[in-house]
Amino acid sequence: MVAAGLGEAAAMPLHLPPVIAHRGASAYAPENTLAAIREAHRRGCRWVEIDVKLTADAVPILMHDDRLGRTTTGRGAVRRRRLEEIRALDAGSWKGRQFTGEPVPTFTEALELLRSLKMAVNVEIKPCRGRELETAWQVCQALNECWPEADGNVLLSSFAIESLRAAQEVAPHLPRGLLAEALPRRWRELIEELACRTLHLSHRRVSERALASVIASGTPVLCYTVNDPARARQLHALGVTSLISDVPDLVAAALQ
Ligand code: G3P
Ligand code: MG
């Protein structure tokens, strides 16, 4: 099954852009909300990165943190709250009064919006600890149901090796990216083992030398979170394929 998966994954095209909006256009709108996706679109960005984790009742939602406090009016652990409770929260007002009432979107809602806007997505599978497999399964199931024709416009990624492995098993056709901060010592083995198409690294934690060796291997590199135009130009010149940014419009302009 895995061997067949590798073949399918290799066949799927992947059209990566120079710039991807991080958590939506998160400098301008509350991260991981539909407003942030719309804002990315409005600013001319076609690709967004979003973080997905599960509610207590195993519904995939857009959320970065394990806890609700920073980005919603709720408190406590995301994994202990059911969708119904999370839906009653305000995920917008922390960013500005104009976003008051913006809800936490389900992953399905985000996919529907992305499709309607003809956008593309890097789905970061961001499981709460112990839910690595379940989170990957739910993400893949939602993609299969809501976006069955995904073709070059969906890229999965995760820091969680178990999630990547689970995605590889249940949705081998969906391209995967290995996500890390610094370049892992075993990056070649990991990429091969998980049949990852891309490597996503923190631009703050990776040296030019490390970047050069990955790029020379033919694996596309994506760097996050790049908000400084001069740094964006530098990484682009080094051969980094995509820059994941909170200010995707400014970074895109810097690369012109
Ligand atoms: O996917 C790139 C980046 O989003 C990873 O870090 O913490 O912003 O999800 P984080
Ligand atoms: Mg992320």
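Please refer to the structure placed before this passage.
Residues numbered from 1 in each chain as written. Chains lettered and ligands numbered in written order. Predicted model: local features only at pLDDT ≥ 70, side-chain atom pairs only at ≥ 80, totals over all residues. Heavy atoms only, no water.

Some details on the site of ligand 1
Cut-off, in case you're wondering: The rule for a residue being near a molecule or strand is that one of its heavy atoms must lie within 4 Å of it. For this analysis, a polar contact is any N or O atom pair within 3.5 Å, provided that within protein one partner can donate a hydrogen and the other can accept it, and provided that sequence-adjacent residues contribute only side-chain to side-chain pairs. Throughout, the Shrake-Rupley method with a 1.4 Å probe supplies accessible areas, and for residues the shown protein chains are the sole cover considered.
The immediate surroundings of ligand 1 are formed by His 22, Arg 23, Glu 49, Asp 51, His 64, Glu 124, Lys 126, Phe 159, Leu 179 and Tyr 224. One of the side-chain nitrogen or oxygen atoms of Arg 23 is found 2.8 Å away from an oxygen atom of ligand 1. One of the side-chain nitrogen or oxygen atoms of Lys 126 is found 2.9 Å away from an oxygen atom of ligand 1. Contact with the protein chains hides 90% of the accessible area of ligand 1, taken as 290 Å² for the molecule alone.

Quick look at a nonpolar patch on the surface
For the record, the criterion: A patch consists of residues exposed above 30% relative accessible area that lack any salt bridge, with like charges linked at up to 9 Å and nonpolar side chains (Val, Leu, Ile, Met, Phe, Trp, Tyr) linked at up to 5 Å. Put simply, a salt bridge is a Lys or Arg side-chain nitrogen that is within 4 Å of an Asp or Glu carboxyl oxygen. A run of H or I in DSSP becomes a helix once it reaches four residues, and a run of E becomes a strand once it reaches two; helices and strands are each numbered from the N terminus. Exposed residues in this analysis have more than 50% of their type's maximum accessible area, buried residues have under 20%, and partly exposed residues fall in between, with area computed by a 1.4 Å probe over protein chains only.
Together, Leu 133, Trp 137 and Val 170 line one region of the surface with nonpolar side chains, adding up to about 270 Å² of accessible area. By the element assignment, Val 170 lies in helix H6 (residues 161-170). Judged by relative accessible area, Val 170 falls into the partly exposed class, the value being 41%.

Some points on the pairing of strand E8 (residues 221-224)
Just so we agree on the cut-off: Whether two strands pair depends on DSSP finding at least two bridges between them. Think of it like this: strands point away, you trace from the first strand over the helix to the second, and a clockwise trace means the crossover is right-handed.
Alternating residues of E8 divide into Val 221 and Cys 223 and Leu 222 and Tyr 224, and every residue in both groups is buried. Summarising the sheet, strand E7 (residues 198-202) and E8 pair through 4 bridges and their orientation is parallel. Bridge assignment links His 200 to a residue of E8, and that residue is Leu 222. On the question of chirality, the crossover connecting E7 to the parallel E8 by way of helix H8 (residues 208-217) is right-handed. Here E8 runs beside strand E9 (residues 242-245); their pairing, made up of 3 bridges, is parallel. Bridging from a neighbouring strand, Leu 222 pairs with Ser 242 of E9. Between the parallel pair E8 and E9, the chain is carried across by helix H9 (residues 229-238), and the sense of this crossover is right-handed.

Details of the coordination of the magnesium ion (ligand 2)
Our working definition: Ligating atoms shown are N, O and S within 2.8 Å of the metal, or 3.2 Å for Na, K and Ca, and water is not included, meaning a site may look less than complete.
Taken together, the protein donors to the magnesium ion (ligand 2) comprise Glu 49 (OE), Asp 51 (OD) and Glu 124 (OE), at separations of 2.0 to 2.1 Å. Taken in chain order, the donor set of the magnesium ion (ligand 2) reads E-x1-D-x72-E. Relative accessible area serves as the criterion here: at 4%, Glu 49 is assigned to the buried category.

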